[in-house]
Structures are given as structure tokens and as C-alpha cells.
Amino acid sequence: MWNRLSQRDRRAVLWGSLAIALIVIYLFAGEWLSDWQMTRSDLKEMRIQLKAIEQQAAGKPTARQIAAMTAVPKFEMPVKEEEQLVLFRNEFNEQIKRAGIKAKSLDYLASKKIAGVGGYKTLRLQCKSRCNLSQVLDLLGNLNSNPYLVGVEEIQIRPDQRNRQEVDLILTVSTFAK
């Protein structure tokens, strides 16, 4: 078939093929070039962020870091079980008093040893009380300031039938101990 074409037709087919090839290469190269440029700009931004992080780590904490540190709850590392019992109970008792709650009972529940948490035990402290709803909310809002608190295991709030502002509270909180 190629032999049957005239010289002029052969040149037209070659130039047409070359033009199609150039168009396809231009389209794919343009896409690749834009992706490459986007990747370079992303890399440049990440390097700038990394330098900023390195500078923050080397110098004094910034206002943003200080704000983050104040938002994160305080936490003390667990000590032996006997010491942790006293520290946790005293701090939690102070929080209850600051909220204006008079605890009917403040009892420890059986401790649990947790597998996979570095051999720490979970100590649970249960508080039963009758108080106002606003006092419960104050207590819950200030729980994160307890440096020994790990979590709230259970909370039951039952309102009084006659006075909806008074509630029966059962709150179980936990801490870790060695």
C-alpha cells in the first residue's frame, strides 16, 4: 500500500503522523509537567513547614503551643497502688468539695489489671451523692484538671421526681497504678 502512494501523499501521511504524535506528546507532557510543578510546590511548602517546626522546637514555645499545653489535661505518671489510691482519692475529693457536692459514699471498686498497658492496674473510685445539676456539671467540667484521672468509667444522673434540679449521682472514675 505504501508503494502505491505518490510522493506527495507519503509526505502528507508522514507530516500528519508527526503532527498527531506531537499533539499526543504535548497533551501527556503538559499533564506530566503540571503534576511535576504541583509536586515541587507541595514539597517547597512542606520544607517551609518543617523549618518552622524546627525553629519552634529549638526556641521558646509560641503562643499557640502554650495554648495547646493549657488545653491538654495534666497527667502524673502512676506510682505504686497504695500511694496512687491516696493521691487519687484526695484530689478527687477536693474536686468534689470545690463543686459543692457532699458525697454519701466514696468507695474503691475492685482493681483490674489491663493486658497490654505496661502492666498497670486500673483503680476505680465510685462516688454516690445527691446534689444539684449545676454542681454535677461543674464537677464534670473540672475533672480534666485532676492529674491522676484517666477516665470516667460510668456516670448515672437520675433527676428527683419532685425537684428536677436535684439529682442522684453515681460517678465512677479511674486511674492507673503500678
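In this report, we go over the structure that sits alongside the text. (Residues numbered from 1 in each chain as written. Predicted model: local features only at pLDDT ≥ 70, side-chain atom pairs only at ≥ 80, totals over all residues. Heavy atoms only, no water.)

Considering the packing of helix 3 (residues 81–99) against helix 4 (residues 133–142)
No. 1: Two elements in contact, helix 3 and helix 4, have axes whose closest approach is 9 Å; the angle formed by their N-to-C orientations is 140°. The angle between the axes of helix 3 and helix 4 places the two elements in the oblique class. Helix-helix and strand crossings are classified by hand; for helix 3 and helix 4 the assignment is right-handed. When helix 3 is examined against helix 4, the residues Gln 95, Ile 96 and Ala 99 are found in contact with a partner set consisting of Gln 135, Asp 138, Leu 139 and Asn 142. (Axes fitted to C-alpha atoms, helices over the stretch in contact; angles between N-to-C directions. Helix = DSSP H or I, 4+ residues; strand = E, 2+ residues; numbered from the N terminus. Parallel < 35°, antiparallel > 145°, perpendicular 65-115°, else oblique. Left-handed = near helix turned anticlockwise from the far one by under 90°. Contact = heavy atoms within 4.5 Å.)

Some thoughts on the pattern of salt bridges
No. 1: Applying the stated criterion across every chain, the model contains five salt bridges.
No. 2: With a shortest N-O distance of 3.0 Å, Lys 121 and Glu 81 are connected by a salt bridge. In this pair, Lys 121 sits in strand 2 (residues 121–132) while Glu 81 sits in helix 3, placing the two residues 40 residues apart along the sequence.
No. 3: By relative accessible area, Lys 121 is classed as partly exposed at 26%.
No. 4: One salt bridge in this structure joins Arg 98 and Glu 91, with 3.6 Å as the shortest N-O distance. (Salt bridge = Lys/Arg side-chain N within 4 Å of Asp/Glu carboxyl O. Buried < 20%, exposed > 50% of the residue type's maximum accessible area, 1.4 Å probe, protein only.)

Topic: the nonpolar core
No. 1: If you look at the biggest cluster of nonpolar residues, it comprises 17 residues, and the most contacted ones within it are Phe 92, Ile 101, Leu 139 and Val 173.
No. 2: Those residues in contact with Leu 139 that lie beyond four places of it in its chain are Gln 95, Ile 96, Ala 99, Ile 101 and Leu 171. (Core = buried A, V, L, I, M, F, W, Y, C linked by side-chain atoms within 4.5 Å.)

Some points on the packing of aromatic side chains
No. 1: Inspection of every chain in the model, using the stated rule, returns two aromatic pairs.
No. 2: With 6.2 Å between their ring centres and 10° between their planes, Trp 32 and Trp 36 make a pair best called stacked. Of this pair, Trp 32 and Trp 36 both sit in helix 1 (residues 7–58), four residues apart, which is roughly one turn of the helix.
No. 3: Classification of Trp 32 by relative accessible area gives exposed; the value is 57%.
No. 4: Ring geometry for Phe 88 against Phe 92: centres 6.3 Å apart, planes inclined by 25°, an arrangement best described as stacked. Here Phe 88 pairs with Phe 92, and both are found in helix 3, just four residues apart, close to one helical turn. Across this residue pair, the class does not change: Phe 88 and Phe 92 are buried. (Phe/Tyr/Trp six-rings, centres within 6.5 Å; stacked < 30°, edge-to-face > 60°.)

Digging into a nonpolar patch on the surface
No. 1: Taken together, the side chains of Leu 137, Leu 140, Val 152, Ile 155 and Ile 157 present a nonpolar region at the surface, about 380 Å² in accessible area.
No. 2: Of all elements in the fold, only helix 4 and strand 3 (151–159) reach the threshold of two or more residues within the nonpolar patch.
No. 3: With three residues, the single largest contributor to the nonpolar patch is strand 3.
No. 4: Turning to its location among the elements, Val 152 is positioned in strand 3. (Patch = residues over 30% accessible without salt bridge, like charges linked within 9 Å, V, L, I, M, F, W, Y side chains within 5 Å. Areas by Shrake-Rupley, 256 points an atom, 1.4 Å probe, with all protein chains shown as cover.)

Quick look at the environment of Ser 129
No. 1: Tracing the backbone shows Ser 129 in strand 2.
No. 2: With 42 residues separating them along the chain, Ser 129 and Leu 171 place their C-alpha atoms 8.7 Å apart.
No. 3: The contacts of Ser 129, once residues within four sequence positions are left out, are Ile 101, Lys 102, Ala 103, Lys 104, Val 167, Asp 168 and Leu 169.
No. 4: A distance of 3.0 Å separates the side chain of Ser 129 from the backbone oxygen of Lys 102, its partner in a polar contact. (Polar contact = N/O pair within 3.5 Å; in protein donor to acceptor, adjacent residues only side chain to side chain.)

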